[in-house]
Amino acid sequence: MALKCGIVGLPNVGKSTLFSALSSAKAQAANYPFCTIEPNIGTISVPDNRINQLSELVNPERVVPTTIEIVDIAGLVKGASKGEGLGNQFLANIREVDAIVHVVRCFANDNIIHVDGSVDPVRDREVIDLELQLKDLEILEKRVEKLKKQAKSQDKEIIRQLAFAERLKEHVETGNSARSFAVEPEELKEFKELYLLTSKPVLYVCNVDESSVNEGNEYTNTFKESVKNENAEVIIVAAGIEADIAELDSFEERQEFIEDLGLKEPGVHKLIRSCYALLNLITYFTAGEKEVRAWTITKGTTAPGAAGVIHSDFERGFIRAQVIHFEDYVNYKSENAVKEAGKLHVEGKEYIVSDGDVMHFLHNT
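The model shown is predicted, which means the values in this text are computed figures rather than measured ones.

Enquirer: Give me the lowdown on the pattern of salt bridges, citing residues and values where you can.
Expert: Considering all chains together, one arrives at 18 salt bridges under this definition. Across the salt bridge formed by Glu335 and Lys339, the nearest N and O atoms sit 3.5 Å from each other. Of the two residues, Glu335 and Lys339 both sit in helix H14 (residues 335-340), 4 residues apart, roughly one turn of that helix. Since its relative accessible area comes to 42%, Lys339 is described here as partly exposed. Residues participating in the shared-partner salt-bridge network are Asp48, Arg50 and Asp355.

This is how it looks when you write it as structure tokens:
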């Protein structure tokens, strides 16, 4: 699935350092604005211990984890919506992603220049939000203007669409992002078709120094308070530390480094899983001697849709699915033992796949 999370933020907040830790694609990291001009794209494996557990039980020839794409987008500045600081290009990059990872700087360091001269993550978030909102207002103003002309015909559907567009425009004009707008079921289609920047789901990443990586600091506390009504997740990551971890050669060295910091795992692991959830994605598995593989689907996908991720012929010719819940597979240790215990389920076209299902599809192609 070609779903992407885009990393955004002001210049010098740690976006490219974080991206470098996330991906084997190395973003240029320098102490000046706009060091990343073209967006860097990294395909990143999603940490999931379940695939390791299945692999230990099945002992396959190869193991294939699921992945997502992360895009490192150059830093936005005030006036981006009007083209300042290559703003048009950056906003176009944001439009192409499905969800936003908004990095804010929550550490003081005189050696790293802040574009506004001081550290204030709440202000930084508001700068980004304002630029995205202003761009959305351009779209909404054009939409309202067009519908007003069409509404002269007294068409009831056009009048309804106009009322919706005007309510949404007023919501954004008052400093709110479109994702917080209450959309009625019958309005959802036209809302999505507007492709508003601020309608995208967001994950906030507070980039801190080493001393704040476990408990946060006054910057992170203030920031969390400022977004408490957004129903958005906030995570704390020290991008510099994550970059150091990524540079270590062996798993043992990385684990020792992580434990010395009092962490259970690298912060980027939590970040990747949060991005995965932000995109409304879940994982199902196929398990056999040749391969244990994780497959990505959207939450709510039916069994034929899940089969289609493997091959479109599987969806067209779908007959039924054999399903083992992950917990049962681990508990009984093998597929045969699961069958003997009566825990293998046969499901039809209406089955909604659950996160962690181990599946085998029967089809007539």
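Alright, that's what it looks like, and here's the rest.
Enquirer: Please set out the nonpolar core residue by residue, giving values where relevant.
Expert: If you look at the biggest cluster of nonpolar residues, it comprises 57 residues, and the most contacted ones within it are Leu18, Leu22, Ile70, Val101, Val205 and Leu271. Residues within four places of Val101 in sequence aside, it is in contact with Cys5, Gly6, Ile7, Val8, Leu203, Val205, Leu271 and Cys275. The next biggest cluster of nonpolar side chains, apart from the first, holds 14 residues, and it includes Ile282, Ala303, Phe318 and Val323.

Enquirer: Could you give me a rundown of the side chain of His171, with the residues and numbers involved?
Expert: Its location among the elements puts His171 in helix H5 (residues 156-173). With near-sequence residues (within four places) excluded, His171 lies in contact with Asn176, Ser177, Ala178, Ser180 and Phe181.

Enquirer: How would you summarise the layout of surface pockets if you had to cite specific residues and measurements?
Expert: By volume, the largest pocket amounts to about 970 Å³. In this structure, the largest pocket is lined by 32 residues; those nearest its centre are Arg179, Ser199, Lys200, Pro201 and Val202. At the level of secondary structure, the elements contributing two or more residues to the lining of the largest pocket comprise helix H4 (121-150), helix H6 (188-193), strand S6 (202-207) and helix H10 (267-278). Of the residues forming the lining of the largest pocket, the biggest block, 5 residues, is contributed by H4. Grouping the constituent residues of the lining of the largest pocket by class yields 13 nonpolar, 9 polar and 10 charged. Taken as a whole, the second largest pocket holds about 690 Å³ of empty space. Along its surface, the second largest pocket is lined by 30 residues, and Pro47, Arg254, Pro266, Val268 and His269 are the ones closest to its centre. Contributions of two or more residues to the lining of the second largest pocket are made by helix H1 (15-22), strand S2 (40-45), helix H2 (49-58), helix H8 (239-247), helix H9 (251-260) and H10.

The rules behind these values
Residues numbered from 1 in each chain as written. Predicted model: local features only at pLDDT ≥ 70, side-chain atom pairs only at ≥ 80, totals over all residues. Heavy atoms only, no water. Salt bridge = Lys/Arg side-chain N within 4 Å of Asp/Glu carboxyl O. Helix = DSSP H or I, 4+ residues; strand = E, 2+ residues; numbered from the N terminus. Buried < 20%, exposed > 50% of the residue type's maximum accessible area, 1.4 Å probe, protein only. Core = buried A, V, L, I, M, F, W, Y, C linked by side-chain atoms within 4.5 Å. Contact = heavy atoms within 4.5 Å. 1 Å grid on protein atoms, 1.4 Å probe; cavity = no way out; pocket = protein on both sides within 12 Å on 5 of 7 lines; lining within 4 Å. Points joined across faces, edges and corners; volume = space filled by probe spheres on them. Nonpolar A, V, L, I, M, F, W, Y, C, P; charged D, E, K, R; others polar.

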